Amino acid sequence: MRVRYPARMESRPSHDAFDAVVIGAGVIGASCAMHLARAGLRVTVIDRGEAPGAGSTSRATGGFRAQYATAINVRLSLLARERLGAFRDETGVDPGFRQLGYLWLAASAAELAELRAANELQRREGLREAELVGPYELGAINPYIETAGLLGGAWCPTDGVIRPTEILRGYLETAQRLGAVVHWGEPVVALERGPGDRITAVRTPRASYATGLVVNAAGAWAAAVAQLAGIELPIVPLRRQVAITEPTEALPSTFPMTIWLDDGFHLRVRDGRVLLLRPTPGDPQDPWSDQVDPRWLDDIAATAPARVPVLAGVRLDRALAWAELYEMSPDHHALLGWAPGCPNLLLVNGSSGHGVMHAPALGLVAGEIAVFGAARSLDVHALRPSRFAEGDPVRGSALL
């Protein structure tokens, strides 16, 4: 699909100014900025960080999948995958999309049933190359894993990996070529309201930016931004930790992203090292902590060779381990649409760990909502911000 943008803005139905302020210059905000600028708006981007990649985008591990357990996430991924295919032509930057595959592993009948239900949904939504595999096929797909005790899995060869910081660079540079202006080191301190409860200006310690449209793409900090407009946004931070090995040739660069469904342990190879992850509840003392727990590293060091025997003897580079903050919504799905009670505040928040991979789709659709008043490339009704107040959250697996 080739996206077409209006040459002029007469069709824009809901704003009285051409200006848009995007709060947050991570990959989602950058995608929004590029798509808005391409549609003809004069765009200003404001970020609290001092430079590109100061937030969560640069800390993402760069997985990309369409294997989800809900229809809306499958559709977001398929649209994002399509846009990644055109990314180099549109931005001049290689997004690093390599279709190495995603392999999910089940060690119980319940887990296998969960993968089966998800696979049926995925295929209905158009991901027909995704398939269930038996225990004897697992070793053929990934000969490096310990298969004892595994009952089967789910495999999609068109899933893979991307380069988050390159995608961020592509969007930011293209947005700037189209006239967008980016301001670094400017936290938002106020959102000024005018007639009809519309935001008329965004204030930082350095300046006030008059605007007819505000996009909240502030990631884990999105709730604090929304609060400045009197909007209660159910987004909270969640720490995700990443362990990294010393340089090793124990696993090839073509190693597929491999995930154990029981505890979420997963790994991939990047730049000659292995990235290892397992979700935790975060720091119970400080939800904003991005410090790595040494005990978690000890656990990862013990788990890795048990799951992938060739990693025995491959040491972690503990000094390079890092953590990032996910922006979690109550149902682990994005919020995309107008903020209830504020007609020109567009929310693009709560991707819950899927923001980098879905950024190409979220920015595109956010631009359509801003320009045309409604999404055109994808039906995103399921992601409307009002769904929680309506008692209609997206229902599906928290991990898948």
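Read on for an overview of the structure.

What counts and how
Residues numbered from 1 in each chain as written. Predicted model: local features only at pLDDT ≥ 70, side-chain atom pairs only at ≥ 80, totals over all residues. Heavy atoms only, no water. Helix = DSSP H or I, 4+ residues; strand = E, 2+ residues; numbered from the N terminus. Rg over C-alpha atoms; globule rule 2.2 N^0.38 Å. Buried < 20%, exposed > 50% of the residue type's maximum accessible area, 1.4 Å probe, protein only. Areas by Shrake-Rupley, 256 points an atom, 1.4 Å probe, with all protein chains shown as cover. Lys, Arg positive; Asp, Glu negative; His and termini not counted. Charge placed at Lys NZ, Arg CZ, Asp CG, Glu CD. Contact = heavy atoms within 4.5 Å. Salt bridge = Lys/Arg side-chain N within 4 Å of Asp/Glu carboxyl O. Expected span 1.5 Å × (residues − 1). Core = buried A, V, L, I, M, F, W, Y, C linked by side-chain atoms within 4.5 Å. Pairing = 2+ DSSP bridges. Axes fitted to C-alpha atoms, helices over the stretch in contact; angles between N-to-C directions.

Another point: the overall build of the chain. Broken down by element type, the chain carries nine helices and 19 strands. For 400 residues, the compact-globule formula gives about 21 Å, and the C-alpha radius of gyration of the chain, at 21 Å, lands near that figure. Projected onto its principal axes, the C-alpha positions of the chain cover 65 × 45 × 45 Å. Out of the 400 residues belonging to the chain, those deemed buried represent 56%. Accessible surface, the chain as shown: approximately 16,100 Å² in total, 51% of it carbon and sulfur. Positive and negative side-chain charges of the chain, numbering 39 and 43 respectively, have mean locations separated by a distance of 4 Å.

Its location among the elements puts N73 in helix 2 (residues 71-85). Those residues in contact with N73, other than ones at most four positions away along the chain, are Y68, H333, H354 and H358.

Here the focus is the pattern of salt bridges. Applying the stated criterion to the full structure yields 23 salt bridges. Connected through salt bridges with shared partners, the residues D263, R278, D299 and R307 form a single ionic network.

When the terminal C-alpha atoms of helix 4 (residues 109-124) are compared, their 23 Å separation across 16 residues agrees well with the 22 Å that a helix rising 1.5 Å per residue should span. Buried within helix 4 we find E111, L112, L115, A118, N119, L121 and Q122.

Turning to the nonpolar core, a few remarks are in order. The tendency in soluble globular proteins is for nonpolar side chains to be buried as a group. Counting residues in each nonpolar core, the largest one holds 62 residues, and the members touching the most others are L36, V43, L336 and V348. Counting only elements with at least two residues in this core, the list comes to strand 1 (19-23), helix 1 (27-38), strand 2 (42-46), helix 2, helix 6 (164-177), strand 19 (342-349) and helix 9 (355-372). Considering every element that reaches this core, the biggest residue donor is helix 9, with 11 residues. Sequence-distant contacts of L336, defined by excluding residues within four places in its chain, comprise L347, V348, L362, V365, A366, I369, V380, L383, R384 and P385. Listed in part, the 24 residues of the second largest apolar core include L103, F255, V274 and L297.

This part takes up unusual backbone geometry. Of note in the backbone geometry, D197 takes a positive phi value of approximately 65 degrees without being a glycine. Its location among the elements puts D197 in the loop between strand 9 (190-193) and strand 10 (199-203). Even without glycine at this site, D271 takes up a positive phi of about 55 degrees. Note that D271 resides in the loop between strand 15 (266-270) and strand 16 (273-277).

Turning our eyes to something else, we now look at the sheet that holds strand 13 (residues 236-244). Ordered by their spatial adjacency, eight strands build an open sheet running 5-6-4-14-15-16-13-17, and the pairing between neighbours is mixed. Edge positions in the open sheet fall to strand 5 (131-133) and strand 17 (322-328), since each of these has one partner strand only. Each adjacent strand pair in this sheet contributes to an overall mean axis angle of 25 degrees, direction not counted. Two strands pair when backbone bridges link them, and strand 5 and strand 6 (residues 152-156) are joined in this way by three bridges, in the antiparallel orientation. Paired with E131 across the two strands is W155, which belongs to strand 6.

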